[in-house]
Amino acid sequence: MRIAMIGTGYVGLVSGACFSDFGHEVVCVDKDARKIELLESGVMPIYEPGLAELVASNVRAGRLSFTTDLTAGVKDADAVFIAVGTPSRRGDGHADLSYVFAAAEEIGRALTKPSVIVTKSTVPVGTGDEVERILRDVAPDSGAKVVSNPEFLREGAAIADFKRPDRVVVGSEDEEATRVMREIYRPLSLNQSAPILFTGRRTAELIKYAANAFLAVKITFINEIADLCEQVGADVQEVARGIGSDNRIGPKFLHAGPGYGGSCFPKDTLALMKTAADNETPLRIVEATVQVNESRKRAMGRKVIKAMGGDARDKTVAVLGLTFKPNTDDMRDAPSLSIIAALQDAGAKVRAYDPEGTEQAKTMLNGVEFCPNPYVAAEGADALVIVTEWDEFRALDLGRVAKILKQPVLIDLRNIYPRSEAERAGLRLTSVGKRSSAAAR
Ligand code: NAD
């Protein structure tokens, strides 16, 4: 199959590279000329484990190419995927569909055959209808069909998620389009690694939002249970294990922490709320989740200040991990942004280290000193805070950390370290949803 991928970001690039690895001929299109230049010279514009090798081998095999020329990319394509951004619209939280609609218009003008147009971007219910209308206006005789194929990959594990997904969802109202989509995903059904769920187009669009909202609820639920654990002397990790081993609940997404962030959950929960309100069916559980999560991020700043003795003025805080999760450079809506703002507002100086996120973080954070490793960040600081659980923070030399900190205060917002280990090294530990060292005294 010949595939054009419009939008070569976190989703488009991974999807395009994986489709080409399945044996399809893929052209990835982006209007960002710098991104395409980097890709053409073999440099990845994002950090995603395994991506550089996957891209290189498929480019070498002649199945994967990059261009800024949408018309050339779309020409002769059997399927054209739209994988452009759908950020929150300012003001009302609705998904900003301007990139999707602009791409649809450009695609319509470039069509040379009755291609299948696939929205891979996360788009509200009914967007497929609007894309269809745009195509009908721009290219009335193209015979193009519009399909929804939301993407569920997680940054940091994107390639494995794409190649071995729990399921693929295809929302199609047309038999021929369904056949094309079946053909595109055939390598997955050949090795029986994923069921392909064929649904109506509106259903597929809603599945994506319902999935993300449910996961956001699950995270927020365990975070509130963590707060209760701290008050009553229980341990949230044990509670999570206790409830997660029930098959009806499952162990995933039960890690208490600083609140969810990233490029999807915050904007997708808001967009779903907007769709629900527009249809006079408010989703109160999702509304509460959004509120609780928002206040939690700044509350984490207060937690750090409390661990330092209640006053942040003229104190220096070392922050480990800035990205919204490990193994990505993505800083969009990362909890670190709110935590650092809360610390700075309270008068603290912030030093930070992140293995891959520094470049993006520099464009989003003011007044932060960026350090080359965790120990430089910790040197002389009044507290060390682990915000993102990168692997390299799992085996810190805690003895060394205790010596170089001005105050031996460790705030572990990811519950990596047991209290006994931290205390043995001479550190006072504050965790999430567990008894902290200070409370133990
Ligand atoms: P991104 O911002 O990384 O990439 C979008 C790309 O589209 C950018 O490079 C931009 O230059 C390009 N673009 C915009 N308009 C264009 C046009 N007309 N022609 C060509 N290129 C154009 O976004 P992303 O994180 O890849 O997300 C894309 C979509 O996938 C969003 O709807 C998002 O919600 C969804 N999604 C993202 C993830 C994730 O983990 N990032 C996971 C699942 C779904």
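Criteria and thresholds
Residues numbered from 1 in each chain as written. Predicted model: local features only at pLDDT ≥ 70, side-chain atom pairs only at ≥ 80, totals over all residues. Heavy atoms only, no water. Helix = DSSP H or I, 4+ residues; strand = E, 2+ residues; numbered from the N terminus. Rg over C-alpha atoms; globule rule 2.2 N^0.38 Å. Buried < 20%, exposed > 50% of the residue type's maximum accessible area, 1.4 Å probe, protein only. Contact = heavy atoms within 4.5 Å. Areas by Shrake-Rupley, 256 points an atom, 1.4 Å probe, with all protein chains shown as cover. Domains from an automatic or database assignment. Buried area = accessible area lost by both parts, 1.4 Å probe. Salt bridge = Lys/Arg side-chain N within 4 Å of Asp/Glu carboxyl O. Pairing = 2+ DSSP bridges. Axes fitted to C-alpha atoms, helices over the stretch in contact; angles between N-to-C directions. Near = heavy atom within 4 Å. Polar contact = N/O pair within 3.5 Å; in protein donor to acceptor, adjacent residues only side chain to side chain. Nonpolar A, V, L, I, M, F, W, Y, C, P; charged D, E, K, R; others polar. Arc of directions from axis to C-beta. Right-handed = clockwise from strand over helix to strand, strands pointing away. Left-handed = near helix turned anticlockwise from the far one by under 90°. 1 Å grid on protein atoms, 1.4 Å probe; cavity = no way out; pocket = protein on both sides within 12 Å on 5 of 7 lines; lining within 4 Å. Points joined across faces, edges and corners; volume = space filled by probe spheres on them. Phe/Tyr/Trp six-rings, centres within 6.5 Å; stacked < 30°, edge-to-face > 60°. Lys NZ or Arg CZ within 6 Å of the ring centre and 35° of its normal.

**Q** Sorry if this is basic, but what is going on with the overall build of the protein here?
**A** For the protein, the helix and strand inventory stands at 19 helices and 14 strands. Against the globule reference of 22 Å for 441 residues, the protein gives a C-alpha radius of gyration of 23 Å, in line with a compact fold. Taken over the C-alpha atoms alone, the protein extends approximately 75 × 50 × 45 Å along its principal axes. Looking at the protein as a whole, 54% of its 441 residues are labelled buried. Residue pairs in contact within the protein that sit at least 24 positions apart in sequence constitute 73% of those at least 6 positions apart. Of the roughly 19700 Å² of accessible surface on the protein, a fraction of 49% belongs to carbon and sulfur atoms.

**Q** I'm lost on the domain arrangement of the protein in this one. Help?
**A** Interfaces are often sized by the amount of accessible area the parts lose when they come together. Considered domain by domain, the protein is made up of domain 1 (2-199) and domain 2 (202-441). Placing a centre on the C-alpha atoms of domain 1 and another on those of domain 2 gives a separation of 32 Å. Across the boundary between the two partners, domain 1 contributes 34 residues, which contact 27 residues of domain 2. Of the roughly 2400 Å² buried where domain 1 meets domain 2, counting both sides, 55% is carbon and sulfur surface. Connecting domain 1 to domain 2 are two salt bridges.

**Q** It is not clear to me how unusual backbone geometry should be interpreted in this structure. Could you clarify?
**A** Most peptide bonds take the trans form, and the phi angle of most residues other than glycine is negative. A positive phi is found at aspartate 314, a non-glycine position, where the angle reads about 65°. Mapped onto the fold, aspartate 314 is located in the loop between α13 (284-307) and β9 (316-320). Residue classification places aspartate 314 among the exposed positions, given a relative accessible area of 66%. A positive phi is found at asparagine 415, a non-glycine position, where the angle reads about 50°. Mapped onto the elements of the fold, asparagine 415 is located in the loop between β13 (409-412) and α18 (419-424).

**Q** Quick question: what am I supposed to make of the sheet that holds β13 here?
**A** In a beta sheet, neighbouring strands pair by backbone hydrogen bonds and run either parallel or antiparallel. Taking strand neighbours across the sheet as the criterion, the six strands line up as β11-β10-β9-β12-β13-β14 in an open arrangement whose pairing is parallel. Looking at the sheet topology across the chains shown, the edges are occupied by β11 (368-370) and β14 (428-430). For this sheet, the mean angle separating the axes of adjacent strands, direction not counted, is 25°. Bridge count for β13 against β14 is three bridges, and the pairing is parallel.

**Q** Is there a simple way to think about the site of the ligand in this case?
**A** The environment of the ligand is made up of 25 residues, and the closest members are Asp30, Lys35, Thr86, Glu155 and Lys267. Separating a nitrogen atom of the ligand from a side-chain N or O atom of glutamate 106 is a distance of 3.2 Å. The protein chains hide 90% of the 830 Å² of surface that the ligand would expose on its own. Elements with a contribution of two residues or more to the shell around the ligand: α1 (10-21) and α5 (98-110). Considered class by class, the residues forming the shell around the ligand number eight nonpolar, seven polar and ten charged. Looking at the shell around the ligand, you find at least three residues from each of domain 1 (2-199) and domain 2 (202-441).

**Q** Please clarify how helix α2 (residues 33-40) should be interpreted in this entry.
**A** An α-helical turn contains 3.6 residues, so a residue and the one three or four places further along point in the same direction. Within α2, the full set of buried residues consists of Ile36, Leu38 and Leu39. Across the axial projection of α2, the buried residues extend over an arc of 160°, all falling on one side. For α2, the exposed residues lying more than 90 degrees away from the buried face are Arg34, Glu37 and Glu40. In this structure, the buried residues of α2 make contact with α1, β2 (25-29) and β3 (64-67). Its side-chain oxygen 3.1 Å from the backbone nitrogen of arginine 34, aspartate 32 forms the N-cap of α2. Phi turns positive one or two residues past the end of α2, at glycine 42, with a value near 85°.

**Q** Before we go on, may I ask you to explain the environment of glutamine 407 in this structure?
**A** By the element assignment, glutamine 407 lies in the loop between α17 (398-404) and β13. As for glutamine 407 and methionine 308, which are separated by 99 residues in sequence, their C-alpha atoms are 8.1 Å apart. What glutamine 407 contacts, discounting residues up to four positions off in sequence, is Ala381 and Asp382.

**Q** Is there a simple way to think about the pairing of β13 in this case?
**A** Working note: regular strand, side chains alternate between the two faces of the sheet. Burial of the side chains of β13 extends over both faces: Val409 and Ile411 are buried on one face and Leu410 and Asp412 on the other. Pairing geometry for strand β12 (residues 383-386) and β13, over three bridges, is parallel. Paired with valine 385 across the two strands is isoleucine 411, which belongs to β13. The parallel pair β13 and β14, bridged by α18, forms a crossover whose chirality is right-handed.

**Q** I tried to follow the packing of α5 against helix α6 (residues 127-138) on my own but got confused; where do I start?
**A** The N-to-C vectors of α5 and α6 enclose an angle of 35°; their axes lie 9 Å apart at closest approach. Seen from above, α5 lies across α6 with right-handed handedness. Of the residues in α6, those touching α5 at Val100, Phe101, Ala104, Glu105, Gly108 and Arg109 are Thr127, Glu130, Val131, Ile134, Leu135 and Val138. The residue inventory of the contact of α5 with α6, partitioned by class, reads seven nonpolar, two polar and three charged.

**Q** Mind showing me how you'd approach the layout of surface pockets here?
**A** In this approach, a probe sized like a water molecule rolls over the atoms, and the result shows the empty space that is left. Roughly 520 Å³ of internal volume is contained in the second largest pocket. In terms of lining residues, the second largest pocket is bounded by 20 residues, among which Glu230, Gln231, Lys303, Lys306 and Thr430 are the most central. The set of elements that each furnish at least two residues to the lining of the second largest pocket consists of α10 (201-232), α13 and α19 (437-440). With nine residues, the top contributor of residues to the lining of the second largest pocket is α13. When its residues are assigned to classes, the lining of the second largest pocket shows six nonpolar, five polar and nine charged.

**Q** Even after reading the chapter, I still don't get the packing of aromatic side chains, so can you show me in this structure?
**A** The geometry of an aromatic ring pair comes down to the distance between the two centres and the angle between the two planes. Summed over all chains, the structure comprises ten aromatic pairs. A ring pair is formed by phenylalanine 19 and phenylalanine 81, whose centres lie 5.1 Å apart and whose planes are at 45°; its orientation type is tilted. Remark: phenylalanine 81 occurs in strand β4 (residues 79-82) and phenylalanine 19 occurs in helix α1; sequence separation between them is 62 residues. Comparing phenylalanine 19 with phenylalanine 81, the two get one shared label, buried. A connected cluster of aromatic rings, assembled from ring pairs, spans Phe19, Phe22, Phe81, Phe162 and Tyr185. Stacked on the ring of phenylalanine 152, the Lys or Arg arginine 167 has its end atom at 3.6 Å from the ring centre. Seen from the ring of tyrosine 375, arginine 400 lies directly overhead, with NZ or CZ sitting 3.8 Å from the centre.

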